[in-house]
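Below are the chains, spelled out letter by letter.
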Amino acid sequence: MRILVTGPRGFVGARIIRALDGAVPAPSLRHAREDDVKRLVDETEPDVIVHTAAISDIRACAADPEASYRANVALPLMLAKTGVKSVLLSTDQVYSGCAGEGPYAEGDAVPANLYAEHKLEMEKRVLDVNPDAVLLRATWMYDMPLYGVPNRWNFLVGMLRERALAFSGTSHRAVSYVREVAARMEQAVALPGGVYNYGSESDMTMLEIARWLAEELKLDVRLSDAGPEHNLWMDCSKLKRQGIAFNDTLDALRQCIRDYSL
Ligand SMILES: NC(=O)c1ccc[n+]([C@@H]2O[C@H](COP(=O)([O-])OP(=O)(O)OC[C@H]3O[C@@H](n4cnc5c(N)ncnc54)[C@H](OP(=O)(O)O)[C@@H]3O)[C@@H](O)[C@H]2O)c1
């Protein structure tokens, strides 16, 4: 199976391209128009597209709404319009404005920032055009740096490098090991069309997870409470019913610790 992967030099795409048999890296699509996307698909003839290219930084989206819309709504729509089976990354940020405490199921989404608004609009419009598309709402992901790939600050790297960090002591959310996210992509490609919460689950706060990791690795990092933040706590039972079950957040961190002999 030929799988065209967009964003192959990005944090998630670089892991997916290494994990998926038959993965073909797409060129940068930053300035692509609809014709360019069609031509790319005609030339590469993929069975599936895995779309990771995006502006994934909340502050960058808020600073340039037009660029955010282009990257996070218009570009995925161009790919959806090709009619090829597509798997597209979305985000747990779509739950950032929910009224209840969670855990949130797929129908609960209420975004509270522009990045999440654009991702939610993207999900709906992509499914309108291509009901077979698979939209994966991912949690915050971590890994050690990868050779040859620009490093992205993430939970694990921050915990290992910084002397002081603040995380919310009230916000319940999970973090996921990006290598597990990539390893499960082969199964994700076979999912029926729709939206799925996709990643590790956890009923802990970010501060509790950080304290656990600091204790586990005997890290010299001073952890403090960043104050109240909205829960981004996802219920992944829809995904589990389809046979994809992630390790929970602490088990995934334990796996990562073993993988890197940390
Ligand atoms: N990282 C996380 O923790 C996280 C959490 C939840 C959801 N996600 C979602 O997962 C996906 C992948 O995230 P990531 O962390 O791998 O992202 P990333 O590393 O920030 O970016 C991925 C790639 O997107 C391309 N890109 C950047 N700006 C673009 C633009 N204006 N237009 C088109 N393409 C652009 C770049 O590829 P080129 O240089 O080749 O153009 C980049 O390598 C995104 O959809 C993101 O929203 C990520």
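Everything below is about the structure printed above this text.
Conventions we followed
Along each chain, numbering runs from 1 in the same order as the chain's sequence is written. Where totals are concerned, whole chains, interfaces and linings use all residues; where local detail is concerned, this predicted model gives features only for residues with pLDDT of at least 70, and gives and counts side-chain atom pairs only at 80 or more. Partly exposed residues are those whose C-beta has more than 12 but fewer than 20 other C-beta atoms within 10 Å; 20 or more makes a residue buried and 12 or fewer makes it exposed, with C-beta atoms placed from the backbone. Helix and strand assignments follow DSSP, with helices taken as H or I runs no shorter than four residues and strands as E runs no shorter than two, numbered in order from the N terminus. Pairing between two strands requires that DSSP report at least two bridges joining them. Consider the strands pointing away from the viewer: the crossover is right-handed when the path from the first strand over the helix to the second runs clockwise. Working convention: axes come from line fits to C-alpha atoms, limited for helices to the stretch in contact. Angles between N-to-C directions cover 0 to 180 degrees.

**Q** Before we go on, may I ask you to explain the pairing of strand S5 (residues 134-138) in this structure?
**A** Two faces make up the sheet, and in a regular strand the side chains alternate between them. In terms of burial, S5 is a largely internal element, 5 of the 5 residues being buried. Both faces of S5 are covered, namely the face carrying Val 134, Leu 136 and Ala 138 and the face carrying Leu 135 and Arg 137. Bridge count for strand S4 (residues 85-91) against S5 is 5 bridges, and the pairing is parallel. Within S5, the position partnered with Leu 88 by the bridge is Leu 135. With helix H5 (residues 114-129) bridging S4 and the parallel S5, this β-α-β connection has right-handed handedness. Taken together, the 5 bridges between S5 and strand S9 (residues 194-198) define a ladder with parallel strand orientation.

**Q** Before we go on, may I ask you to explain the sheet that holds S4 in this structure?
**A** Hydrogen bonds between backbone groups are what pair the strands of a sheet, and the pairing can be parallel or antiparallel. A sheet is described by the order of its strands in space; here 6 strands give the open sequence S2-S1-S3-S4-S5-S9, paired in parallel fashion. At either end of the open sheet lies a strand with only one pairing partner, and these are strand S2 (23-25) and S9. Each neighbouring strand pair of the sheet contributes to a mean axis angle of 25 degrees, computed without reference to strand direction. In this sheet, S4 lies alongside strand S3 (residues 48-51) in parallel orientation, the contact comprising 4 bridges.

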